[in-house]
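# Coordinate analysis (summary)
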Amino acid sequence: MSIWENIKIAVFSIRTNAMRSILTMLGIIIGVASVIAIITVGNGGKDFVVDLLSDMSSGAVSIQVGTSATAGELITKEDIQALRNIDTIQYVSPMDYKIGSAYTDEKTAMCFALAGNEDLAQVMNIKMRRGRFFTEEENNDASNVCVVTEIGALVMFNSLDCIGEYVNFQLNGQVVKMRIIGVTSSDLTASTSSSNSTVSMYGDMLSNPEFQDSPMGSGSSAMMAIVCPITVTDKLSNTNGYSMLYLTAKDQTQAAVVGNAAKNILYAKHGNFGSNIYSVVNMESFTEMVDKIINVFTTFVAGISAIALLVGGIGVMNIMLVSVTERTREIGIRKSLGAKTSTILFQFLTESVILCLIGGIIGFIAGVGMAAAVAAYAGIKIKIELSTIAIAVGFSSAVGIFFGIYPARKAAKMLPIDALRRD
Amino acid sequence: MSLIDVRNVYKIYNPGENEVRALDGISLTIEKGEFVAIIGQSGSGKSTLMNMLGLLDTCTSGEYYMDGIDVSNMTDDELSEIRNKKIGFIFQGFNLISSLTAKGNVELPLVYRGMKRADREKLSTQALEMVGLEKRMNHRPSQMSGGQQQRVAIARAIAAKPPIILADEPTGNLDSHSGRDVMKIIHKLHEEGRTIILITHDNGIAEEAQRVVRIQDGKIIEDYMNKKSEEN
């Protein structure tokens with residue numbers, strides 16, 4: 001007896017008891033739908049978070065100086081130069097930021113100024129929309145140039161065509177007039193959120209007394225951000241060094257190792273081994289960690305919803321047992337006509353697998369629908385992987401086989417005479 | 001070599017004090033082409049004998065040879081195969097599968113034999129023509145009268161062309177007119193050379209067979225050739 005014949009018999013039997021079949025399938029549908037919805041939303045969420053994180057840095061490692069550091073322990077220009085000389089490091093830049101105000105003849109806004117050397121564009125993945133980033137010479141000469149964000153350009157000039165314009169940055173009563181040389185599409189405030197959360201940065205900005213005293217402090221919520229050479233911000237305050245640096249490794253896969261090596265060089269240069277004053281924040285490992293957390297969480301919740309699948313499976317088993325009992329006579333007839341044990345076994349197994357597969361397919365569609373609704377609400381994109389489809393089909397067939405085998409065996413083992421005698 | 005050779009067969013239920021000997025030492029041979037009626041009252045053991053002959057049930061002790069092959073110690077699956085190839089059943093209660101059409105029912109033994117669709121179609125159509133139901137091929141049992149259903153069952157029994165037809169009270173559930181039709185077909189099958197074993201409690205029907213085997217309390221009490229058939 002061919003598989004095709006079995007499938008035909010199974011489909012017929014499912015259709016004959018349509019209502020009962022649908023109710024039985026419901027358990028499988030709910031089980032598969034919830035598992036699929038959770039996996040799909042989980043994958044979408046993971047991609048969203050991972051994309052966000054990898055957008056922030058191109059595999060950069062940051063080294064931060066603890067808040068208890070003494071002036072002598074801060075990162076100096078000499079440290080940066082020493083790190084530059086290491087073969088395995090590709091780019092390295094100190095990082096500093098100032099929060100002050102920016103003004104032109106027409107406008108004022110609060111301003112976040114991110115500062116570093118010419119490598120900052122690489123280590124912080126700052127993408128240029130127009131113009132260029134500042135050069136090594138400009139940094140060395142402390143040239144008063146800056147790159148503004150798109151939003152900054154729009155806030156101050158109502159246009160992205162602002163290269164060559166000047167903007168004044170004011171901090172602690174000092175003013176630097178900077179020439180704009182480029183516009184970046186990156187959101188600079190988010191770039192530093194690996195070390196300082198964006199929220200706290202804006203918090204800094206709002207609680208800055210300078211800013212509150214400034215004419216646009218009250219009533220104006222205009223904000224902008226610029227990137228400038230660190231030598232420029234140095235002019236605004238007396239600095240002994242920097243509390244943060246970013247670096248990238250030549251071999252991206254070795255980022256963590258290179259980060260640790262750089263940290264040890266800092267200890268060596270400052271003679272403060274064992275003080276734990278420097279710490280390495282590796283975005284890659286952070287991304288991996290987030291990835292792992294979401295995976296564990298998704299698996300956990302999917303596991304819980306798999307209980308629904310189990311309950312659905314028990315429902316299938318129950319209905320198959322009823323079906324076997326109801327069709328005892330049919331089994332007897334089939335056996336008397338020459339059906340073998342295996343034929344009857346496969347007939348009933350096919351029926352339970354098809355029942356579960358239909359449920360699995362409907363459940364998959366429902367699950368993806370649910371996931372799409374949740375994703376639309378949460379503003380993430382869902383991703384349907386082939387493995388998700390495989391899970392839906394695999395799980396539901398497995399449930400069909402697992403819970404169908406007992407009723408099917410019960411049917412197959414019946415003696416024809418016992419089966420025929422029953423009414 | 002006899003087609004059916006049963007030697008000293010016992011079927012004992014509840015062995016021990018309250019044992020019931022449904023078959024109590026039965027020996028019987030049936031030759032190819034015979035038309036045998038097994039007659040007995042209810043509880044006589046005739047149905048047990050029929051189930052045993054049809055390999056639907058196994059005996060407690062004794063030997064059973066079919067075409068010289070010992071079938072008394074075969075496995076369930078081996079028996080299924082022999083039933084499929086050698087025996088066509090006609091039951092009192094028709095035993096059609098209600099979800100299948102007449103044609104679907106007739107094709108079942110052919111399906112289990114592993115026959116291709118085209119061959120199945122040919123044989124099932126032939127069988128349904130033989131019982132005069134070629135126009136009802138696609139009807140389901142519930143859409144047919146009892147007589148028609150029994151004719152479908154006969155078509156199913158003969159479709160695979162088995163040498164033995166085993167009929168258990170084939171007219172028991174039918175009105176006399178339909179019963180006559182069914183008996184006519186059975187006679188025709190016999191004339192075509194098939195071996196017919198017919199179980200009945202009705203002396204009138206038993207008279208139509210060539211040979212009558214009378215069962216009582218699990219034993220054969222009479223085994224004779226009908227005068228009418230001897231005259232033929």
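Look a little higher up for the structure.
Residues numbered from 1 in each chain as written. Chains lettered and ligands numbered in written order. Predicted model: local features only at pLDDT ≥ 70, side-chain atom pairs only at ≥ 80, totals over all residues.

Residue and element names in this part refer to chain A. Counted at 1.5 Å a residue, the expected span for helix α11 (residues 255–270) with its 16 residues is 22 Å, and the 23 Å between its end C-alpha atoms agrees. Considered for burial, the residues of α11 that qualify are Ala255, Val258, Gly259, Ala262, Leu266 and His270. One side of α11 carries all its buried residues, which in axial view fall inside an arc of 105°. In α11, those exposed residues whose orientation departs by more than 90 degrees from the buried face are Asn264 and Ala268. (Helix = DSSP H or I, 4+ residues; strand = E, 2+ residues; numbered from the N terminus. Expected span 1.5 Å × (residues − 1). Buried ≥ 20, exposed ≤ 12 C-beta atoms within 10 Å, placed from the backbone. Arc of directions from axis to C-beta.)

The interface is formed by 19 residues belonging to chain A together with 18 residues belonging to chain B. Listing elements by their share of the side of chain A that touches chain B, those giving two or more residues are α1 (3–16), α13 (328–336), α14 (341–378) and α16 (416–421) of chain A. Among the elements that take part in the side of chain A that touches chain B, α13 of chain A stands out by supplying 5 residues, more than any other. (Contact = placed C-beta atoms within 7 Å.)

To continue, consider the sheet that holds strand β9 (residues 211–216) of chain B. Residues and elements named next belong to chain B. Reading across the sheet, the 6 strands line up as β6-β7-β8-β3-β9-β10 and stay open at both edges, with mixed pairing between neighbours. Of all the strands in the sheet, just β6 (87–90) and β10 (219–225) have a single pairing partner and so form its edges. With direction set aside, neighbouring strand axes in the sheet form an average angle of 15°. On the sheet, helix α5 (residues 146–159) packs against β6 and β7 (164–168) and is oriented at approximately 175° with respect to β6. (Pairing = 2+ DSSP bridges. Axes fitted to C-alpha atoms, helices over the stretch in contact; angles between N-to-C directions.)

Here the focus is the sheet that holds strand β1 (residues 4–13) of chain B. Residues and elements named next belong to chain B. Read from one edge of the open sheet, 4 strands run β2-β1-β4-β5, paired in antiparallel fashion. Two strands in the sheet have a free side with no partner beyond their single neighbour: β2 (20–30) and β5 (69–70). Alignment of β1 against strand β4 (residues 61–66), held across 5 bridges, turns out to be antiparallel. Opposite Tyr10, over in β4, you have Ser61 as the bridge partner.

A word on unusual backbone geometry. Positive phi values are uncommon outside glycine, yet Asn125 of chain A reaches one of about 55°. With respect to the secondary-structure elements, Asn125 of chain A resides in the loop between α4 (120–123) and β5 (128–131). Even without glycine at this site, Lys161 of chain B takes up a positive phi of about 55°. Within the element layout of this structure, Lys161 of chain B appears in the loop between α5 and β7. Taking the number of C-beta atoms within 10 Å as the measure of exposure, Lys161 of chain B has 14 and is therefore partly exposed.

Turning our attention to the packing of α5 of chain B against helix α6 (residues 176–191) of chain B. Residues and elements named next belong to chain B. As a packed pair, α5 and α6 sit with axes 9 Å apart at the nearest point and diverge in direction by 15°. Our classification of the angle between α5 and α6 gives roughly parallel. Of the two possible hands of crossing, α5 and α6 adopt the one that is right-handed. Across the interface between the two elements, Gly146, Gly147, Gln150, Arg151, Ile154 and Ile158 of α5 pack against Ser178, Asp181, Val182, Ile185 and Leu189 of α6. Class assignment for the residues of the contact of α5 with α6 results in 5 nonpolar, 4 polar and 2 charged. (Parallel < 35°, antiparallel > 145°, perpendicular 65-115°, else oblique. Left-handed = near helix turned anticlockwise from the far one by under 90°. Nonpolar A, V, L, I, M, F, W, Y, C, P; charged D, E, K, R; others polar.)

This paragraph deals with the pairing of β9 of chain B. All names here are of chain B. Both strand β3 (residues 35–39) and β9 contribute to a ladder of 4 bridges, which runs parallel. Bridging across to β9, Ile38 finds its partner in Val213. Inspection of the sheet shows β9 paired to β10 by 6 bridges, in the antiparallel sense. When the bridges of β10 are listed, Arg211 appears paired with Met225. Counted along the chain from β9 to the antiparallel partner β10, the turn is 2 residues long, and its residue Asp217 has a positive phi close to 50°.

These values are about where atoms sit, not about what they do.
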